[in-house]
2 protein chains.
Amino acid sequence: MGEVICTVDVVLLTIEQEQLMVALSEREHVPFAGRLALPGGYVHAQDASVFDAAMRVMRAKTGFTPPYLEQLATFSGPQRDPRGWSLSVAHYALVPFEMIGPAAAGRLSLVPVAALPELPFDHGQIVSEAVARLRSKSHYSSLPCFLAGDVFTLPQLQRMYELLMGEALNKVSFRRKMGEMDMLEAVEGAFGAAGAHRPAQLYRLKEAYRARVMTLERGL
Amino acid sequence: MGEVICTVDVVLLTIEQEQLMVALSEREHVPFAGRLALPGGYVHAQDASVFDAAMRVMRAKTGFTPPYLEQLATFSGPQRDPRGWSLSVAHYALVPFEMIGPAAAGRLSLVPVAALPELPFDHGQIVSEAVARLRSKSHYSSLPCFLAGDVFTLPQLQRMYELLMGEALNKVSFRRKMGEMDMLEAVEGAFGAAGAHRPAQLYRLKEAYRARVMTLERGL
DNA sequence: TTAATAGTGTCTGTTAGACAGTATGGG
DNA sequence: CCCATACTGTCTAACAGACACTATTAA
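Described below are features of the structure shown in this document. Values in this document were obtained by computation on a predicted structure and should not be read as measured data.

Thresholds applied
Residues numbered from 1 in each chain as written. Chains lettered and ligands numbered in written order. Predicted model: local features only at pLDDT ≥ 70, side-chain atom pairs only at ≥ 80, totals over all residues. Heavy atoms only, no water. Helix = DSSP H or I, 4+ residues; strand = E, 2+ residues; numbered from the N terminus. Rg over C-alpha atoms; globule rule 2.2 N^0.38 Å. Buried < 20%, exposed > 50% of the residue type's maximum accessible area, 1.4 Å probe, protein only. Contact = heavy atoms within 4.5 Å. Areas by Shrake-Rupley, 256 points an atom, 1.4 Å probe, with all protein chains shown as cover. Lys, Arg positive; Asp, Glu negative; His and termini not counted. Charge placed at Lys NZ, Arg CZ, Asp CG, Glu CD. Near = heavy atom within 4 Å. Polar contact = N/O pair within 3.5 Å; in protein donor to acceptor, adjacent residues only side chain to side chain. Nonpolar A, V, L, I, M, F, W, Y, C, P; charged D, E, K, R; others polar. Core = buried A, V, L, I, M, F, W, Y, C linked by side-chain atoms within 4.5 Å. Domains from an automatic or database assignment.

The next subject is the overall build of chain A. From N to C terminus, chain A includes 5 helices and 10 strands. Against the globule reference of 17 Å for 220 residues, chain A gives a C-alpha radius of gyration of 19 Å, in line with a compact fold. Along the first, second and third principal axes, the C-alpha set of chain A runs to 60 × 35 × 30 Å. Here chain A holds 220 residues, and the buried ones make up 50% of them. Taking the intrachain contacts of chain A between residues at least 6 apart in sequence as the baseline, contacts between residues at least 24 apart amount to 64%. Counting only carbon and sulfur atoms, one obtains 51% of the accessible surface of chain A, whose full area is about 10400 Å². When the 22 positive and 23 negative side-chain charges of chain A are each reduced to one mean point, those points stand 4 Å apart.

This is the structure we're talking about:
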């Protein structure tokens, strides 16, 4: 069968104002030209892999390289694309909001995943599965760190974990776990902008953990 | 790009004699005709999805429907297949050995994953990732149950978990967990074939769990 | 009876969470 | 001083693992 339409799509996720947001772009071509959909594109003969194709799409549509990109799953069937039997290798990317801000002012629109509009193809389902995967992995990995910026405070990071996991976390336990993971280092002399109270220590990921995911044996 | 070669491959796994085995089939066509490789095939226009294609391949090559089949990941690139830029949506299937026995007498060969021969394409890597996924999920899910037959004893099931996880498990804890999962039911009046010692109670999966995977919050 | 494995009751150490205290900023 | 939030020490409850004991079969 040579007539399979092969594409990649990327679910680009970020957190802004305590909300998980997905980046959508206006489609330039038929079908669904002008509609908001996941950024994606055809697999090219020049791509070294579908991962490479997803990276290329990200760079083209956002102007940056996402700190985290992973294959999600492949969605396929005769009905999902009006052009015919199609297959999309879906990926998901995580970026801090500061990074996506400029791009979002241009062709990308950030939409809360909690209030997603109807999307073309099966993009609604793809977003659901990406969010489910991120939520699931947040229980036992350092994935949420890729949504934080270069430096962040522990209260900020804990709020991100809580947001993704959908439940309140015990402060003492959370800090104990972060300590055990031995993944963060304090940024000397720098403190988070405080209100009328004690400011929080700033941290950053240790060098070794900026390119890989840390996983915990017993979660949280 | 219309020239992407779209295929599915299935890593069919079973346990025999305390060893995790993968089912390989002799390739009928070029490239690599006559070589042992993962059972697979082209995606057809009649398939409702790549999952459907994988099911069709399983039925054609084994004569049965595997109790568990899940998409693993998509492997792709210009080099992996000498025919050109190709993409394979890899799946993995779990079956009890009793089910695969007859088919294994025919076209399928069961090979221990611990002593895998060199495989064509990137099938070696695909098997590795399937095994890694199964091992990982065995820590916190009911997946190993799909490798057991209709009925089994708790010592048998524990040995399967230990085999997959690569570590000895505490008997009391294991039974406590199985109890909490509330997934098994004793088969009345039936006991495992015993030697010169007390025979073990036989169990089976409760109806509700024969078609889905149970996951544990805190592993084991 | 003995040997061998199945199954269980209970103790103990480890881990997670609750709670309350101290620390440090602004007003 | 007060308030608000950051951080920490410590007690308690929940859980997992070790151990030892009973149960049940064949020889």
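A separate point is the protein's contact with DNA strand C. Lining the immediate surroundings of DNA strand C are 23 residues, of which A:R176, A:K177, A:A196, B:K171 and B:Q201 lie closest. Counting only the atoms of DNA strand C within 4 Å of the protein, the fraction contributed by sugar and phosphate is 58%. In this structure, A:R198 approaches DNA strand C through a main-chain N or O atom, which is 3.1 Å from a base oxygen. A distance of 3.5 Å separates a base nitrogen of DNA strand C from a polar backbone atom of B:A196. The element best represented in the surface near DNA strand C is helix α5 (residues 171-181) of chain A, accounting for 4 residues. Among the residues forming the surface near DNA strand C, the class breakdown is 9 nonpolar, 6 polar and 8 charged.

A few words now on the nonpolar core. A:V11, A:L13, A:L94 and A:L184 are the most contacted members of the largest nonpolar core, which has 45 residues in total. Sorting the residues of this core by element identifies β1 (5-16), β2 (19-26), β5 (68-77), β6 (86-94), α3 (123-138), α4 (154-165), α5 and β10 (201-205) of chain A as the ones contributing at least two each. With 6 residues, the top contributor of residues to this core is α4(A). Each of domain 1 (5-122) and domain 2 (143-209) of chain A contributes no fewer than three residues to this core. Other than its neighbours up to four places away in sequence, A:V11 contacts A:V22, A:L38, A:H91, A:Y92, A:A93, A:I126, A:V127 and A:A130. Residues B:L72, B:A90, B:V127 and B:M178 belong to the second largest nonpolar core, which totals 44 residues.

All quantities given are derived from atomic positions and should not be read as evidence of function.
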